[in-house]
Amino acid sequence: MKTFKGLAAVPGGFGPAAVTIGKFDGVHRGHREVIARLREIAEAQKLATTVVTFDRNPLALLAPDKCPESLVSVRQKLELLATTGVDATVLLPFDRALASVPATEFVERVLVDTLQAKAVLVGSDFRYGARGAGDVALLIDLGAHFGFTVEVVDDVAEGGERRVSSTWVRELLAEGEVRRATELLGHTPTVSGIVVHGAARGRELGYPTANLTPESEGLIPADGVYAGWLTDAGTRYPAAISVGDNPTFEGVPKKQVEAYVLDRELDLYDHVVDVEFVERIRGMVAFTSIPDLIDTIRDDVERTRGILGV
């Protein structure tokens, strides 16, 4: 997949293209079905499959108090989009200049002049242009004028009920329901970050952990203990993962992610690692004695083995 950061980065003569536009936070199953349809159209018409997305949620600029936490970082989003088989992603910086572009000018500048769009796929609630003035009806009119078709993509519903959405995934992660979130995403919820030095309490207890910096990428699920995987430099290791403020000890940062790699002691300091959350084992508990804590950790590790099949 080619990645173009800004319209100016798109080479002259790019296209003709089949294009979809959106935030694509999490690149979940709904997004993937849109892209699958985009690829069908592109293959039939010999067009370049192209995703247009943004470097932040537009609400981060327009209404910060209403902006939800992102499921993935921009880097993670681009990596996930690359797995969908699209030819190119255009990453637009959502700044005041872009937010003030009128709807018709947005279509002409992005879809027509830059991408030579011949087919455009959007959801029924798609809005664009200054103050969100552009809607699907206007896009269809503009398509007739500029020579591209518009297809409105139906929502992907789970079990015929609720539509698959980033909002629903956030709710599941907030409840620790990572296995259900995985079903909606089509991939495992993952946090990426640099391994930093901690208080070494895990090592003292016989279970040394890799502690991720608080400035990690990806939405961290609810406090608790999880079975999952830690990936370092392309190698994936089974891990028991703790998320939370560790109520047994004082002075532990909120939402600390700590991963104990099963049966191995690795030097991961300063490494950037991925931590995947497969299943929640239990919530976070304050222990009154260290032996009780060690017994519970031992049980967590054995349950992790069973869940991961290792």
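This one's a predicted model, so the numbers in the text were calculated from it and none came from an experiment.

Rules behind the numbers
- Residues numbered from 1 in each chain as written.
- Predicted model: local features only at pLDDT ≥ 70, side-chain atom pairs only at ≥ 80, totals over all residues.
- Heavy atoms only, no water.
- Buried < 20%, exposed > 50% of the residue type's maximum accessible area, 1.4 Å probe, protein only.
- Helix = DSSP H or I, 4+ residues; strand = E, 2+ residues; numbered from the N terminus.
- Arc of directions from axis to C-beta.
- Polar contact = N/O pair within 3.5 Å; in protein donor to acceptor, adjacent residues only side chain to side chain.
- Contact = heavy atoms within 4.5 Å.
- Core = buried A, V, L, I, M, F, W, Y, C linked by side-chain atoms within 4.5 Å.
- Pairing = 2+ DSSP bridges.
- Phe/Tyr/Trp six-rings, centres within 6.5 Å; stacked < 30°, edge-to-face > 60°.
- Lys NZ or Arg CZ within 6 Å of the ring centre and 35° of its normal.
- Salt bridge = Lys/Arg side-chain N within 4 Å of Asp/Glu carboxyl O.

### Some points on helix α6 (residues 136-146)
- Listed in full, the buried residues belonging to α6 are V136, L139, L142 and G143. Down the axis of α6, the smallest arc covering the buried residues is 115 degrees, so these residues share one side. Exposed side chains of α6 directed beyond 90 degrees from the buried face belong to D141, A144 and H145.
- One side-chain oxygen of the residue at the start of α6 lies 3.4 Å from the amide nitrogen of A137, identifying that residue as D135.

### Here we look at the side chain of R282
- With respect to the secondary-structure elements, R282 resides in strand β12 (residues 272-282).
- For R282, a relative accessible area of 17% corresponds to the buried category.
- For R282, the residues in contact, after removing those within four places along its chain, are G224, V225, F287, T296 and D300.

### Here we look at the nonpolar core
- L230, I241, V257, V275 and F277 are the most contacted members of the largest nonpolar core, which has 39 residues in total.
- In this structure F277 touches V178, T182, T188, P189, V191, P221, Y226, A227, I241, V243 and V257, once residues within four positions along its chain are discounted.
- Judged by nonpolar contacts, the second largest core, of 33 residues, contains F4, V52, F54 and V110.

### Digging into the pairing of β12
- Pairing between strand β7 (residues 190-196) and β12: 5 bridges, direction antiparallel. Bridged to S192 within β12 is D274.
- Two strands pair when backbone bridges link them, and strand β9 (residues 224-232) and β12 are joined in this way by 8 bridges, in the antiparallel orientation. Opposite D232, over in β12, you have V273 as the bridge partner.

### Some thoughts on the packing of aromatic side chains
- All told, the structure shown has 6 aromatic pairs when counted by the stated rule.
- Measuring from centroid to centroid gives 6.3 Å for F106 and Y128, while their planes differ by 35 degrees, and the two rings are tilted. One end of the pair, F106, is in helix α5 (residues 103-114); the other, Y128, is in the loop between β5 (117-123) and α6, with 22 residues separating them in the sequence.
- Ring plane angle 80 degrees and centroid distance 5.2 Å describe the contact between Y226 and F277, whose orientation is recorded as edge-to-face. Here Y226 is found in strand β9, whereas its partner F277 is found in strand β12, with 51 residues between them in sequence. No difference in accessibility class separates Y226 from F277, as the two residues are buried.
- Members of the aromatic cluster, each reached through a chain of ring pairs, are F106, F126 and Y128.
- Residue placement shows R236 over the ring face of W229; its charged tip is 4.4 Å from the ring centre.

### Focus: the pattern of salt bridges
- Using the criterion set out here, one finds 16 salt bridges in the structure.
- The residue E276 makes a salt bridge to R236 at a minimum N-O spacing of 3.0 Å. In this pair, E276 sits in strand β12 while R236 sits in strand β10 (residues 235-244), placing the two residues 40 residues apart along the sequence.
- R282 is the partner of D300 in a salt bridge, and the nearest nitrogen-oxygen pair spans 2.8 Å. Of this pair, D300 sits in helix α10 (residues 290-308) while R282 sits in strand β12, and the two are 18 residues apart along the sequence.
- On the basis of relative accessible area, D300 is assigned to the buried category, the value being 4%.

### Looking at the side chain of R170
- By secondary structure assignment, the location of R170 is in helix α7 (residues 166-174).
- Aside from chain neighbours lying at most four places away, what touches R170 is D25, P68, E69, L71 and L219.

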